[in-house]
Amino acid sequence: MLKASSTIAAGLAVVMASGPALAGKDLDAVKARGALLCGVGTGTAGFMLADSQGKWKGLNVDVCRAVSAAIFGDAEKVKYVPLTSQQRFTALQSGEVDMLSNNTTWTLTRDTALGLEFTGVTYYDGQGFMVNKKLGVKSAKELNGATVCVAPGTTTELNLADYFRANKMQFKPVVIEKADEIRAAFFSGRCDVYTTDASALAAVRVANVPAPQKPEDYVVLPEIISKEPLGPVVRHGDNQFGDIVKWALFAMVEAEEYGINSKNVDEMLKSDNPTIKRILGVTPGMGKALGVDEKWVYNIVKQVGNYGESFDRNVGKESILNIDRGVNRLWTQGGLQYAPPIR
Amino acid sequence: MAVETLGGVTRARPAPWNDPVVRGWVFQIVVVGLVGALAWYLVTNTMENLQRQKIASGFDYLGREAGFEIGDTMIEYSPASTYARAIWVGILNTLRVAVLGVIMATFLGTLIGIGRLSPNWLLAKICEWYVEAFRNVPLLLWLFLFYKLISEAFPGPRQAISMLWGSLFLSNRGLYFPVPIADPIQKWMGLGLLAGIGLAVVIHRWAKKRQAATGQPFPSIWVGAATIVGVPIVVWLAGGAPSQMSWPALKGFNFEGGTVIQPEFTALLVGLVLYTSAFVAEIVRSGILALHKGQSEAAAAIGLSRTQAMRLVLLPQALRVIVPPMTSQYLNITKNSSLAIAIGYPDLVASINVTINQTGQAIENVLIIMAAYLSVSLSISAFMNWYNKQIALKER
């Protein structure tokens, strides 16, 4: 409830956090705890959302599960910590969570001054605008004087101000911390515009429009005003843990590239392809280098799936969001998803 | 002791570990040392942790461009302003809601507290229900309720409710109303207002003195009110009575011109006032009940009406009971205003939180927020303690 005070509490936890800097301490802590503490958002359909049984699902959640599968051989040893945009960094800095998989944009400041490390890109996104069709707005360039609903402490908030400044337009922000509340304000007409990452706009439009309004009442404007590479984040300092988080995501992408998926992974163990043999740990070495079990990729793909499977299931063609893969296709298909080789 | 002096024997000095003076000093030094060591440990440990995690530290960020917009500001602010200014905007917004909240909650709470003691059964019951309703539901829920009511109940700007022949507009963007266009005379009118208030105080004192000396009453309240309103008007007339107004008009998405009271501010203020006034009412009621009933009987005996008895006899005495707990309520309003973040009013906490998030410098920002709330709270306490001394029973 009192998110403000918990942000502050997390901030103070940085003051209190003690203990010498030891390489591998984050990984050791995760292993000793027997569970990965994964910071996720408070709820965006397709990316991270707890279902009616309280089970977390989504593209970001799958990254947490992949890391858990790599470390424990079991994708379910994850404890999810829902964090607002304002809480997430202090929660990670202070050790309240081991990693974020929270639709966090990779920026220079965050990668440097915050004491954090970005480990890759789960989803290439960009910021967009959604408006009610009744306003008759066709382009973001027509938004001068609009009231805009936005989450605080995000790159979205900064891009918004930059975009309006650059285009010599004025706007009034309505800034509410909790995602549900900001959406409620938008759908009740308190704001003319809701801005966030285009993927989240698509999710909100499909999943959050309150009855009797319909998704068709709302339109996402064509302009994408920023680059938002969203990816997992870990603390500075424990490179081994950082490497595992980094390569868990790469493994999902690499698996898709080599046609390994959750259904055929057992077959693939018998493959003659040396690359596949190396990826799946049939030829040992990769797991040892990373400091995990040799079957780490097998466990990830078997239990979580490859990147394409996770994308389709959560946000893509098999989901209600039905977002086009777009730039999130593999590089072999003209997209940006490109994993360094596992060798 | 008597025995010792009788015998002419001075008592032997106890051993140092039994000497209360020595022991007192030793304990003091140990405690100070422990507190100091703890503080030193926390500070060095923090610095070490920050350095190890490569988190930037220091207050340099305050001068950097903030880059985010704030929806409700009392001073000039744009995304090109500095973080320091963004935080200052937040402090002013907090003070605005706190000051108005304190004044309004005091008035409303006093009325309701007196109302609960009314012989009119219906009025007393209504006041009682009011107190129970607001006291027993968390403030945050009230804030959500009022915010939802405002944003759901009122139409969008294009269908705004127009009032007073199109000078007032009510919509879910807030209440728009006309204001005079900025003019140098306004500064002088402000000074005139201060002069008027000073004059009213002087008149009131003179009237009191004259009544004490001659028994002649003087309507100092009405005359005072007239001076406070009158002086600025005279200044305005003397300045050529500039009457250019800025009128709100629908343009594009929203109204332009005039000024606006935004829904977030209204919801927060209404919530704080209604909630706190329930507590104030109970304090006022208990203050009045604490008086011996002889006081009201005596007042009635010399022919004072109920209102006069309340104003001249009961309330002044009840104040001695009322003021100390009232101080806590004023502090509560100030601190509870930080719940604003839940409904999107840009108060101090909101500004600081965004700053923490954009700069990552939690500790510095937490220090600022603590310093700000501490100075506001201490100022309120100091003022209330001073006031409490003023009204305390002076025994001569």
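Residues numbered from 1 in each chain as written. Chains lettered and ligands numbered in written order. Predicted model: local features only at pLDDT ≥ 70, side-chain atom pairs only at ≥ 80, totals over all residues. Heavy atoms only, no water.

Notes on the overall build of chain A
Rules: By definition, any uninterrupted DSSP run of H or I lasting at least four residues is a helix, any uninterrupted run of E lasting at least two residues is a strand, and each is numbered from the N terminus. In this treatment the radius of gyration is a C-alpha quantity, and the globule benchmark scales as 2.2 Å times the residue count to the 0.38 power. Contact between two residues is taken to exist if any of their heavy atoms lie within 4.5 Å; hydrogens are not considered. For the accessible areas, the method is Shrake-Rupley and the probe is 1.4 Å, while residue cover comes only from the protein chains on display.
From N to C terminus, chain A includes 14 helices and 13 strands. Expected size for 343 residues packed as a compact globule is a radius of gyration near 20 Å; at 21 Å, chain A falls within 12% of this value. The dimensions of chain A, computed from C-alpha atoms along their principal axes, are 60 × 45 × 40 Å. Taking the intrachain contacts of chain A between residues at least 6 apart in sequence as the baseline, contacts between residues at least 24 apart amount to 72%. Approximately 13,300 Å² of chain A is accessible, and the part contributed by carbon and sulfur atoms is 54%.

Comments concerning the confidence of the model for chain A
Residue and element names in this part refer to chain A. Just so we agree on the cut-off: Every residue is assigned a pLDDT by the predictor, reflecting its confidence on a scale from 0 to 100.
Averaged over all residues, the pLDDT of chain A is 89; the fraction at 70 or higher stands at 93%. Confidence over residues 1-6 falls short of pLDDT 50; this stretch has 10 contacts with residues more than four positions distant or in other chains. Segment residues 16-22 is flagged for pLDDT under 50; beyond a separation of four residues in sequence, or across chains, it makes 11 contacts in the model.

Details of the confidence of the model for chain B
Residue-level pLDDT values for chain B average 87, and 97% of them are 70 or greater. Predicted complex metrics record ipTM = 0.76 and pTM = 0.79.

A few points about the sheet that holds strand 9 (residues 146-150) of chain A
Residue and element names in this part refer to chain A. The cut-off we apply is this: By definition, two strands form a pair when at least two bridges between them are found by DSSP. Angles shown run from 0 to 180 degrees and are taken between the N-to-C directions of axes, each axis being a line fitted to C-alpha atoms and, for helices, limited to the stretch in contact.
The five strands lie next to each other as 10-9-11-8-12, forming an open sheet whose pairing is mixed. Where the open sheet ends on each side, the last strands, each with one partner, are strand 10 (171-175) and strand 12 (218-220). Mean inter-strand twist for the sheet, computed between neighbouring axes without regard to direction, equals 30 degrees. Relative to strand 12, strand 8 (residues 127-132) runs antiparallel, the two sharing three bridges. The partner of V131 across the bridge, within strand 12, is V219.

Some words on the interface of chain B and chain A
Note: interface size is frequently given as the accessible area lost on complex formation between the parts. Put simply, the rule reads: Should a side-chain nitrogen of Lys or Arg be within 4 Å of a carboxyl oxygen of Asp or Glu, the pair is scored as a salt bridge. Residues are grouped as follows: nonpolar covers Ala, Val, Leu, Ile, Met, Phe, Trp, Tyr, Cys and Pro; charged covers Asp, Glu, Lys and Arg; every other residue, Gly included, is treated as polar.
Taken residue by residue, the interface counts 50 residues in chain B and 59 residues in chain A. Here chain B is connected to chain A by four salt bridges. The partner of B:E264 in a salt bridge is A:R190, and the shortest N-O contact between them spans 2.8 Å. Elements supplying a minimum of two residues to the side of chain B that touches chain A: helix 2 (20-52), helix 5 (139-153), helix 8 (263-289), helix 11 (348-359) and helix 12 (362-391) of chain B. With seven residues, helix 2 of chain B is the largest single contributor of residues to the side of chain B that touches chain A. Its residues assigned to classes, the side of chain B that touches chain A comprises 25 nonpolar, 16 polar and nine charged.

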